[in-house]
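The primary structure of each chain is shown beneath.
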Amino acid sequence: MKKTQYMIAEFENPAELLKAAEKIRDAGYKKFDCHSPFPIHGMDDAMGMKRSPLGWIVGLVAVVAVTAGVVLQWWTSSVAYPIVIAGKPFFSYQAYGPVAFAIMVLTSAFVSLFGMLALNKLPQFYHRLFDSDRFGKVTDDGFLISVEADDPQFDVKKTEDLLKQVGGKNVEIIG
Amino acid sequence: MSVASNQLVEQETPLISGDQTFASVTEKISSIAEAKTPKMWYVAIGISASIMFFFLFLIGYLVWEGIGIWGLNIPVGWGWAIVNFVFWVGIGHAGTLISAILFLFRQKWRTSINRFAEAMTLFAVICALIFPGIHVGRIWMAYYMFPLPNQMSMWPNFRSPLLWDVFAVGTYFTVSLLFWYTGLIPDLASMRDRAKTKIRRYVLGFFSLGWRGGNRQWQHYELAYLLLAGLSTPLVLSVHSVVSTDFATSVIPGWHTTIFPPYFVAGAIFSGFAMVNTLAIIARKIYGLEDFITIKHLEKMNIIMLVTGSMVGYAYSCEFFIAWYSGNEYETFTFLNRAFGPYAWAYWTMVSCNVIVPQLFWFKKVRTSVPIMFVMALLVNVGMWFERFVIVVSSLSRDFLPANWDYYSPTWVDVGMFIGSFGLFFTLFLIFLRFVPMIAMAEVKAVLPQADPHFYHGNGHLDTAANTVAVKEGGKA
């Protein structure tokens, strides 16, 4: 498997990272990422990213799950084993709310977490970026930009210059 | 004008004190879980684990012997076990309120307390689930509660509130666990990147799933967090509402009331905040977290207790009014019996602890004094246990026909199991404090002033000046 090279640069604080991201976006880069210890407000726009599709996925699953919850209760008490309880109709839909609701919330919560992981391609225990000693700082107080060598705009010299020009320090190539 | 004044208020009272930097937050919180285990921790877990093992022994004894070892009999077929169930589920609600509802309302102060409040929720719900689980008697038949195909082709009765409870509380636990773990991922990655030993690196690396903190990950992560908060928010209201229907859908006087769902939810949040406060006061003292869990945080929780305590007090008086106003002989008798009958001691304990005690929080001195609020939170915990006791036992012990009446007393097993559940709760909580970052580091960093990119406009100081100008202008306008 071909290993992707990365170029990383360090930044001072969230504001510098945000400004640098805007400039790299404007320079036409697509395959780059801004790493920070916490999500930074406005970064999605600065990087030119689209909205996450997770909301639509979970919303769709919620509709399916709540329907499945009602169908389960209808089928078990009206078709599979109809039995009169307390003189109520077989399909006593008024009583089916809490269980259908619980099934919807439970399923949607699973899809929220595991859908997020899938979109992020996690778990991924090894990544090229972990080879850099500097990279560990991003979960503490570091602000880094990583640019993939696969990006059509990538050029060792030009990208390095750009990263330095937008305020990047300790520019480094990994891999 | 109002926006400008809010900014001024925020500047006057920083959420996190002690001039923290991003690095100091990581260092302070991670080092608690990384340092050598304190001797006191061994002492504490020694005590709590012994009580937990006693609990496990009693559960074994119950499975062997049957629920006759409890003080249950007719007419009181639900005793301490159900009281304990409702008590523990209720406690969990504060954690979910903090993690979900306060998140949706953008209450940034929640970041200091959400991690351990959610942990408290998980452990409280574990304690809660044990009681109805063993109450079924033949616990090897417990799978009947789930819609599983079986050799008799029988299905659960979906019209029964007891079954709703299985789904509501089971969902509650699972969703809380997923939400809690989602919040933990970036923090475990922080600890992974600090790990000195190989084992630590591997274990933390495994649980942090290879988190890289890139904005392309944060984007999905933040939306997942928001969705989980949105999904948990109705649970805060629905779980205890469903628990209350266990009682409200029956025909027993004192149970058959429509006020139960909101009344139970208010009580649950009330008792939960009392427990969060108790735990927060202990943890901040032992681990020196006064900069993170400031007196402001505690005060805000006390105000929530004042609000929910007043709602509970209102529900008590409303119940009495309706008992009289309904003209229903049995209902009226049940309430007079609660206040003046054989369980009057329990009723007045409940009223003193839940209605009178929290009213002291109107005084600023009281709600900002740590020793006083600690005692008050403990009293609220006691009071809320008695509330459930009053509801469950006093209603059952004297129903329609005087010939059926009886006085219920618990046995030593009932008492032992209740104390034992605290052993389980504190054992789990101590393990959590020891190995897991107890404050959400990434979230605390995100609410520090320097996390906002606007903080840095013009050398990082101009922005403060600009706010002051805005306030002045707002004042003129």
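These numbers were taken from a predicted model, which means no experiment stands behind them.

**Let's talk about the overall build of chain B**
Now for step 1: For chain B, the count of helices and strands is 17 helices and zero strands.
Now for step 2: Computed over its C-alpha atoms, the radius of gyration of chain B comes to 24 Å, within 12% of the 23 Å expected for a compact globule of 477 residues.
Now for step 3: Dimensions of chain B, computed from C-alpha atoms along their principal axes, come out at roughly 80 × 60 × 45 Å.
Now for step 4: A total of 477 residues make up chain B; the buried ones form 57% of that total.
Now for step 5: Once local pairs closer than 6 in sequence are excluded, the contacts in chain B between residues at least 24 apart make up 82%.
Now for step 6: A total of about 20,100 Å² of accessible surface is found on chain B, and carbon and sulfur atoms cover 71% of it.
Now for step 7: With 31 positive and 26 negative side-chain charges, chain B shows a spacing of 10 Å between the two charge centroids.

**Examining the environment of Lys28(B)**
Residue and element names in this part refer to chain B.
Now for step 1: Within the fold, Lys28 resides in helix H2 (residues 22–34).
Now for step 2: Judged by relative accessible area, Lys28 falls into the partly exposed class, the value being 29%.
Now for step 3: Remark: the alpha-carbon pair of Lys28 and Gln359, spanning 331 residues in sequence, is separated by 36 Å.
Now for step 4: Not counting residues up to four positions away in its chain, the partners in contact with Lys28 are Tyr287, Gly288, Leu289 and Phe292.

**Considering the confidence of the model for chain A**
Now for step 1: When pLDDT is averaged along chain A, the result is 93, and 99% of the positions lie at 70 or above.
Now for step 2: Confidence scores differ between elements of chain A, with strand S4 (residues 169–174) of chain A showing the lowest mean pLDDT of 92 and helix H4 (residues 97–119) of chain A the highest of 97.

**Notes on the pattern of salt bridges**
Now for step 1: Tallying each qualifying case throughout the model produces 17 salt bridges over all chains.
Now for step 2: A salt bridge links Lys137(A) to Glu10(A); the shortest N-O distance between them is 3.6 Å. Pair noted here: Lys137(A) is in the loop between H4 and strand S3 (143–148) and Glu10(A) is in strand S1 (residues 6–11), with a separation of 127 residues, a long-range link.
Now for step 3: Under the relative-accessibility criterion, Lys137(A) is labelled partly exposed at 37%.
Now for step 4: Relative accessible area serves as the criterion here: at 12%, Glu10(A) is assigned to the buried category.
Now for step 5: Of the charged contacts in the structure, one is a salt bridge between Arg388(B) and Glu387(B), with a shortest N-O distance of 3.9 Å. Grouping residues by exposure puts Arg388(B) and Glu387(B) together as buried.

**What about the packing of helix H9 (residues 260–287) of chain B against helix H10 (residues 295–325) of chain B?**
Residues and elements named next belong to chain B.
Now for step 1: For the pair H9 and H10, interaxial distance at closest approach is 9 Å and the crossing angle is 150°. Compared by their axis directions, H9 and H10 come out roughly antiparallel. Here the hand of the crossing between H9 and H10 comes out left-handed.
Now for step 2: Of the residues contributing to the contact of H9 with H10, the split by class is 19 nonpolar, five polar and two charged.

**Things to note about the packing of aromatic side chains**
Describing an aromatic ring pair means giving the distance of the ring centres and the angle of the ring planes.
All names here are of chain B.
Now for step 1: One pass over the full model with this rule turns up 65 aromatic pairs over all chains.
Now for step 2: Arranged with centres 6.2 Å apart and planes meeting at 20°, the rings of Tyr61 and Trp412 form a pair that is stacked. Of this pair, Tyr61 sits in helix H3 (residues 39–65) while Trp412 sits in helix H15 (residues 412–435); the two residues are 351 residues apart in sequence, bridging distant segments of the chain.
Now for step 3: Considering the side-chain rings of Phe418 and Phe422, the 5.3 Å spacing of their centres and the 80° angle between planes classify their relative orientation as edge-to-face.

**Topic: the domain arrangement of chain A**
It is common to report an interface's size as the accessible area lost on association of the parts.
Now for step 1: Assigned domains of chain A: these are domain 1 (6–50 + 126–174) and domain 2 (54–119).
Now for step 2: Distance between the C-alpha centres of domain 1 of chain A and domain 2 of chain A: 44 Å.

**Overview of the side chain of Arg388(B)**
All names here are of chain B.
Now for step 1: Secondary-structure assignment places Arg388 in helix H14 (residues 370–397).
Now for step 2: Judged by its relative accessible area of 3%, Arg388 is buried.
Now for step 3: At 3.3 Å, the side chain of Arg388 and the backbone oxygen of Met384 are in polar contact.
Now for step 4: Excluding residues that lie within four positions of it along the chain, Arg388 makes contacts with Val83, Val86, Phe87, Gly90, His240, Gly267, Ala268 and Ser271.

The rules behind these values
- Residues numbered from 1 in each chain as written.
- Chains lettered and ligands numbered in written order.
- Predicted model: local features only at pLDDT ≥ 70, side-chain atom pairs only at ≥ 80, totals over all residues.
- Heavy atoms only, no water.
- Helix = DSSP H or I, 4+ residues; strand = E, 2+ residues; numbered from the N terminus.
- Rg over C-alpha atoms; globule rule 2.2 N^0.38 Å.
- Buried < 20%, exposed > 50% of the residue type's maximum accessible area, 1.4 Å probe, protein only.
- Contact = heavy atoms within 4.5 Å.
- Areas by Shrake-Rupley, 256 points an atom, 1.4 Å probe, with all protein chains shown as cover.
- Lys, Arg positive; Asp, Glu negative; His and termini not counted.
- Charge placed at Lys NZ, Arg CZ, Asp CG, Glu CD.
- pLDDT = per-residue confidence, 0-100.
- Salt bridge = Lys/Arg side-chain N within 4 Å of Asp/Glu carboxyl O.
- Axes fitted to C-alpha atoms, helices over the stretch in contact; angles between N-to-C directions.
- Parallel < 35°, antiparallel > 145°, perpendicular 65-115°, else oblique.
- Left-handed = near helix turned anticlockwise from the far one by under 90°.
- Nonpolar A, V, L, I, M, F, W, Y, C, P; charged D, E, K, R; others polar.
- Phe/Tyr/Trp six-rings, centres within 6.5 Å; stacked < 30°, edge-to-face > 60°.
- Domains from an automatic or database assignment.
- Polar contact = N/O pair within 3.5 Å; in protein donor to acceptor, adjacent residues only side chain to side chain.

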